[in-house]
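Fold and contact review
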Amino acid sequence: MPPPSAVALPPSASAPPPSGAAPLPNVAAPPSSASVPPSGAVAPSPGAAVPPPGAAAPPPSPSARFPDAAPTVGRDAPRGGAAQAPSRRPGAPAQTPTETTARLRPIPAAPEAETAAGTDVPAPRAAVPPAGPAAPRTPDPALSWSTPHDPRPRVSFGEPEGYDGLARPRPLGGRPRPQAVAAAVCLVLGVGLLTGAVTGSWLAGDSGDDGARSAYTEAGDLWHSVPVDQLFPPTLLGKGAGPGGADRTWTRVAVAPDGDCAGAFDRLLAKALDPVGCSRLLRATYTDATQSYVTTVGLLFTKADAAAMTALADRFEKQGLGRREDLMPLPYAAKDTVAAGFGAPQRASWTVSVLTDAPVVVYAVSGWADGRTVDEPEPAEEAVESGAASAPAQAGLGHEAKGLADRVERALRKNIGTPTEHPS
């Protein structure tokens, strides 16, 4: 029989089985009077005789821990509850008082189980407090970004980038420095140039009126500074200048010598032009492509200023002086040309234009090349109107005079830098 210290004690009835283990069978608890003997001694049964010292210890008496009969717990126990002695085969040796306690399923020991001091009995487990609401956690100040003397490396984010017109990245929130500098330089240069121009104009005493006066004065000198072929081109094209929008082509047949105005106008017309004076008179005679009509074009360069020319233009416009038959200009009849017979009686239509941006009076007078006389001349402004039934209007002589006068005036303006054109 093994010593009592080596006998495995059953686990406490109140201890729950380990997780995942099958429930243990019901085992009768030992009597309350039983106590654990000290190490190396066996407690005597109640009523048993105590052997004298030095005598051999008798075998232990039957008890709940060491029964002499077979266990009555399990599947072999009788249903009536009475214990029956196990049957024995004939000739089998008699049973000896040995431990017959049924072996229970081993329970794995808890890892690093604590034991009571000086005993093999496991120490009671510490009570686990019931789970409750977790206490609020405060952030660790060491993990804050604002903690001073933080030994950890700091991370900073770069500024956002945009893209310029060439898809190159640039910082947002303003122009790149090169562009800003360039804009500032351009602004300073622009202000400097403007200031210099204003200052120079003030010091020199120039103004916008002086510039206009300069062009006006230049136009008065064109009669001797511009070749005659630029003032009176040898050939002039009149696209849409004829009756019904027909094209016209005129060829120059004669150019009169430049001179004064003596004998160039009738008395009444000379009197009307006298307020502006006469500096120089230029004349040329043209014929059409069929040489059926002849037309004299004149440029009268006056001595008047812009105000006097404006006043004369207003007088012609308001009083209708340009439409009066007694104020019709005289033609230039060149010998040995188709215009040799073009005199005062052959005048059929005319026009007079007083310029205000140049000291010049432009005029033109037309007639038939065969020398026929005209009883009722008609101003070009009236002869070109739709429905005009006069002979000069039906022949297109009003278109001849007006078309040539307009194109000579255009040639004059080209030379003074004024591209203004009047419709034909």
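Worth saying up front: this structure is predicted, and the values here are computed from it rather than measured. (Residues numbered from 1 in each chain as written. Predicted model: local features only at pLDDT ≥ 70, side-chain atom pairs only at ≥ 80, totals over all residues. Heavy atoms only, no water.)

1. Focus: the confidence of the model for the protein chain
When pLDDT is averaged along the protein chain, the result is 74; 53% of the residues meet or exceed 70. Every residue in residues 113–118 is under pLDDT 50, and counting partners more than four places away or in other chains gives eight contacts. Here residues 418–424 is modelled with pLDDT under 50, and outside its nearest four sequence neighbours on either side it reaches 17 contacts, counting other chains as well. (pLDDT = per-residue confidence, 0-100. Contact = heavy atoms within 4.5 Å.)

2. What about the nonpolar core?
With 26 residues, the main nonpolar core has Phe232, Tyr286, Leu299 and Val360 as its most contacted residues. Contributing elements (two or more residues each) for this core: strand S5 (280–288), strand S6 (293–301), strand S8 (360–368) and helix H9 (397–415). Top contributing element to this core by residue count: H9, with five residues. Phe232 has contacts with Arg252, Leu282, Arg283, Ala284, Tyr286, Val297, Leu299 and Val408, leaving out every residue within four places of it along the chain. (Core = buried A, V, L, I, M, F, W, Y, C linked by side-chain atoms within 4.5 Å. Buried < 20%, exposed > 50% of the residue type's maximum accessible area, 1.4 Å probe, protein only. Helix = DSSP H or I, 4+ residues; strand = E, 2+ residues; numbered from the N terminus.)

3. Overview of the state of the cysteines
Scanning the entire structure with this criterion turns up one disulfide. Between the sulfur atoms of Cys261 and its disulfide partner Cys278 the distance amounts to 1.8 Å. Looking down the S-S bond of the Cys261 and Cys278 bridge, the torsion is 75°, so its handedness is right-handed. In this pair, Cys261 is assigned in the loop between strand S4 (248–259) and helix H5 (267–273) and Cys278 in the loop between H5 and S5, connecting sequence segments 17 residues apart. (Disulfide = S-S within 2.5 Å.)

4. What to know about unusual backbone geometry
Phi is positive for Gln291, close to 55°, though the residue is something other than glycine. Look at Asp336: it is not a glycine, yet its phi comes out positive at around 60°. Within the secondary structure, Asp336 sits in the loop between helix H6 (306–319) and strand S7 (349–354).

5. A short note on H6
One full turn of an α-helix is made of 3.6 residues, so residues set three or four places apart face in the same direction. Over its 14 residues, H6 runs 20 Å from end to end, which matches the ideal 20 Å to within 8%, given 1.5 Å per residue. For H6, the full list of buried residues reads Met309, Leu312, Ala313 and Phe316. In an axial view of H6, the angular spread of the buried residues amounts to 100°, which keeps them on one side of the axis. Turned more than 90 degrees off the buried face of H6, the exposed positions are Ala307 and Lys318. (Expected span 1.5 Å × (residues − 1). Arc of directions from axis to C-beta.)

6. Overview of the environment of Gln394
Structurally, Gln394 is set in helix H8 (residues 391–395). According to the relative accessible area criterion, Gln394 is exposed, its value standing at 57%. Taking the C-alpha atoms as reference points, Gln394 and Ala383, separated by 11 residues in sequence, lie 8.1 Å from one another. In contact with Gln394, other than residues within four places in its own chain, are Ala388 and Ala389.

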